[in-house]
Structure formats: structure tokens, C-alpha cells
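# Descriptive analysis of the structure
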Amino acid sequence: MLVGFTLARSPLLLSLSMTSEARNRQTYLRASAAVIWDVDGTLVESTTLGFTATNEVLSTSGYRMVTEDEYKLGCRFTTPDRFNYHIERPAGSAEGGQLGDLFDKTYVRRVSRETAGLFDGLEKLLRSLTIAGHPMAVLSNACGEYVRAVLSANELDEKPGVRVPLFKEALGADEVAEAKPSGVGLLEICSRIEAVPEASVYVGDAPTDGKAARAAGMRSVGVAWGANPAAALEADFDVVVSDVPALIVALRTLLGDDEKS
């Protein structure tokens with residue numbers, strides 16, 4: 001029999017209890033703070049793939065081919081309206097939709113690690129965020145079939161018995177009620193993965209990505225290794241970075257991981 005020992009007042013047990021509470025709180029905070037990613041120009045280098053497929057569709061359909069700069073400028077739009085932009089038709093025109101459908105069929109078939117591989121350093125960052133407990137998702141203005149083809153080519157999707165998915169949701173513009181720069185798609189993803197928009201971050205490479213994040217009440221990071229230089233992103237993003245090490249620092253700050261560690 002132990003005499004004079006009160007379990008509830010043990011300093012060691014109290015300390016362990018407080019540590020457990022702090023750990024649980026940290027886990028909850030990280031689980032509610034998601035990182036959502038754009039795809040082309042943000043996660044993967046697919047400029048050659050998209051540019052080549054675009055000009056193939058334009059030329060075989062009797063339209064003028066575009067320069068790489070024109071292609072990059074068009075990437076701020078959804079695929080149908082990107083083609084309307086290239087052929088100088090109003091947004092929403094049926095011609096752009098028809099060309100966009102043809103492009104999607106061409107584009108998706110050619111996705112591979114070689115044509116749409118992750119930028120250097122990003123795979124390690126993605127896995128680190130998952131280990132840290134931050135849920136992740138993807139939202140692109142390309143079609144959803146393309147988004148998931150990219151994840152599969154880079155072995156980021158689920159393969160039963162082999163690997164677990166790094167992203168809880170992966171959606172394209174054709175699968176949300178409103179495309180970027182609307183924040184509707186981001187809010188839908190946050191709802192699906194039970195993340196708090198105000199605690200979460202969207203990472204993208206176009207002004208429309210930053211606008212969508214602000215419309216959804218999210219923080220944002222613009223990456224200057226995609227279709228747009230830093231100067232074109234500064235007005236629409238909370239932070240703009242030029243390399244992956246700077247992105248790591250920005251995410252730790254915006255997600256509050258420095259304070260939670």
C-alpha cells in the first residue's frame with residue numbers, strides 16, 4: 001500500500017496531462033489549416049506540354065498558332081475561355097468550348113512524369129506537410145481529369161496496398177460551381193476536407209489564384225517560377241516567393257507552425 005501518494009496531484013502526471021492537451025490542440029490546429037495547390041506552373045512544369053497541345057489544336061482547327069508568352073497569358077482563364085482568348089472570341093463562346101474539349105483529350109493523354117513533373121524540391125515539401133498534419137488538396141482551372149492524371153503520373157495519388165494519397169481532394173474547373181478567380185471552389189474544398197478557410201493557404205502562380213484565395217478568405221502564396229513574374233503577382237498575393245526554400249518559410253509563417261512547434 002502506498003501512503004501519502006495522491007494520484008491527481010502528482011507533478012509528473014500533471015505535466016504529462018498538460019503536454020497531452022497541448023499536443024491535442026496542436027494536432028487540431030494543423031488539421032484545420034490546409035494547404036491547397038494550383039497545378040500547372042505551381043506544382044508541375046507543364047509549359048511545353050500545354051503549349052504544344054494548344055498549338056496543335058489551334059492549327060488543326062484552322063486558327064493562328066500562339067507564342068509561348070500568349071499561351072502563358074491565357075493560362076489565367078479556364079481552358080474554354082483560354083481558347084476564346086487565343087482566337088479572339090468573347091468569354092463563354094461555344095468555339096472556345098469546342099476547342100477546349102479537343103485540347104483536354106489531347107492534353108490528358110500525354111501526361112507523364114516527363115511532360116508534367118513536379119518542380120524540384122516540391123515532393124519533399126508535400127510529404128513534410130502531410131507528416132506535420134496539414135491536409136492538402138488541389139484546385140486547378142484545367143479539367144479534373146487532367147488534375148488527377150498529373151497526380152497519378154507523379155505517384156501522389158492513392159494506390160491500394162502501395163501508397164496513400166497526399167491530397168484529400170483534387171478538383172478541376174469543370175467540377176466546381178465557379179472557376180477561379182471566384183473563391184467558391186476553394187470554399188467547397190475546405191468544406192469537404194473540414195479545413196478552416198481563414199487558417200488555410202492557397203499556393204498558385206497566377207493573379208487569378210491570389211484573387212480566388214482572397215475571395216475565399218484564405219491566405220495565399222504566389223510562386224514566381226510559373227507563368228507570371230513576381231511583379232505580376234504582388235498585388236494579389238499575401239506573399240510572393242521565387243524558390244522552394246522561400247516557400248517553406250512562407251508556409252511555416254502563414255500556417256503558424258513556428259508558434260505551434
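These numbers were taken from a predicted model, which means no experiment stands behind them.

Turning next to the layout of surface pockets. Each pocket or cavity is described by its volume, and for the largest pocket that value is around 400 Å³. Looking at the largest pocket, it is lined by 30 residues, and the ones nearest its centre are Asp40, Gly41, Tyr71, Cys75 and Asp205. Taken together, the elements giving at least two residues each to the lining of the largest pocket come down to β2 (44–45), α3 (68–74), α4 (79–86), α5 (94–109) and α9 (207–215). A breakdown of the residues in the lining of the largest pocket according to their chemical character gives 11 nonpolar, 10 polar and 9 charged. Split by domain, the residues of the lining of the largest pocket number at least three in each of domain 1 (35–45 + 116–255) and domain 2 (47–110).

This paragraph deals with the pattern of salt bridges. The tally for this structure, following the rule as stated, stands at 14 salt bridges. Taking the shortest distance from any N to any O, the salt bridge between Arg163 and Asp157 comes out at 2.8 Å. Counted as one network, the salt bridges with shared partners bring together Asp38, Lys180 and Asp209.

What follows covers the packing of helix α2 (residues 47–60) against α4. Contact geometry of α2 with α4 gives a least axis separation of 12 Å together with a crossing angle of 60°. In terms of orientation, α2 lies oblique with respect to α4. Remark: the crossing between α2 and α4 carries right-handed chirality. Along the contact surface, α2 presents Thr54, Val57 and Leu58, while α4 presents Arg82, Phe83 and His86. Considered class by class, the residues forming the contact of α2 with α4 number 3 nonpolar, 2 polar and 1 charged.

With that out of the way, let us pick up the pairing of strand β7 (residues 219–223). The buried fraction of β7 amounts to 4 of the 5 residues, a majority that puts the element mostly inside the structure. In this structure, strand β6 (residues 201–204) lies alongside β7, joined through 4 bridges in parallel fashion. Residue pairing for β7: Gly204 is matched across the bridge by Gly222. Each parallel crossover has a hand, and for β6 linked through α9 to β7 it is right-handed.

All right, on to the confidence of the model for the chain then. In this model, the chain carries a mean pLDDT of 90, and residues with pLDDT of at least 70 account for 87%. Under a pLDDT of 50 for its full length, residues 1–8 has, in the predicted model, 2 contacts with residues more than four places off or in other chains.

The rules behind each value
- Residues numbered from 1 in each chain as written.
- Predicted model: local features only at pLDDT ≥ 70, side-chain atom pairs only at ≥ 80, totals over all residues.
- Heavy atoms only, no water.
- 1 Å grid on protein atoms, 1.4 Å probe; cavity = no way out; pocket = protein on both sides within 12 Å on 5 of 7 lines; lining within 4 Å.
- Points joined across faces, edges and corners; volume = space filled by probe spheres on them.
- Helix = DSSP H or I, 4+ residues; strand = E, 2+ residues; numbered from the N terminus.
- Nonpolar A, V, L, I, M, F, W, Y, C, P; charged D, E, K, R; others polar.
- Domains from an automatic or database assignment.
- Salt bridge = Lys/Arg side-chain N within 4 Å of Asp/Glu carboxyl O.
- Axes fitted to C-alpha atoms, helices over the stretch in contact; angles between N-to-C directions.
- Parallel < 35°, antiparallel > 145°, perpendicular 65-115°, else oblique.
- Left-handed = near helix turned anticlockwise from the far one by under 90°.
- Contact = heavy atoms within 4.5 Å.
- Buried < 20%, exposed > 50% of the residue type's maximum accessible area, 1.4 Å probe, protein only.
- Pairing = 2+ DSSP bridges.
- Right-handed = clockwise from strand over helix to strand, strands pointing away.
- pLDDT = per-residue confidence, 0-100.

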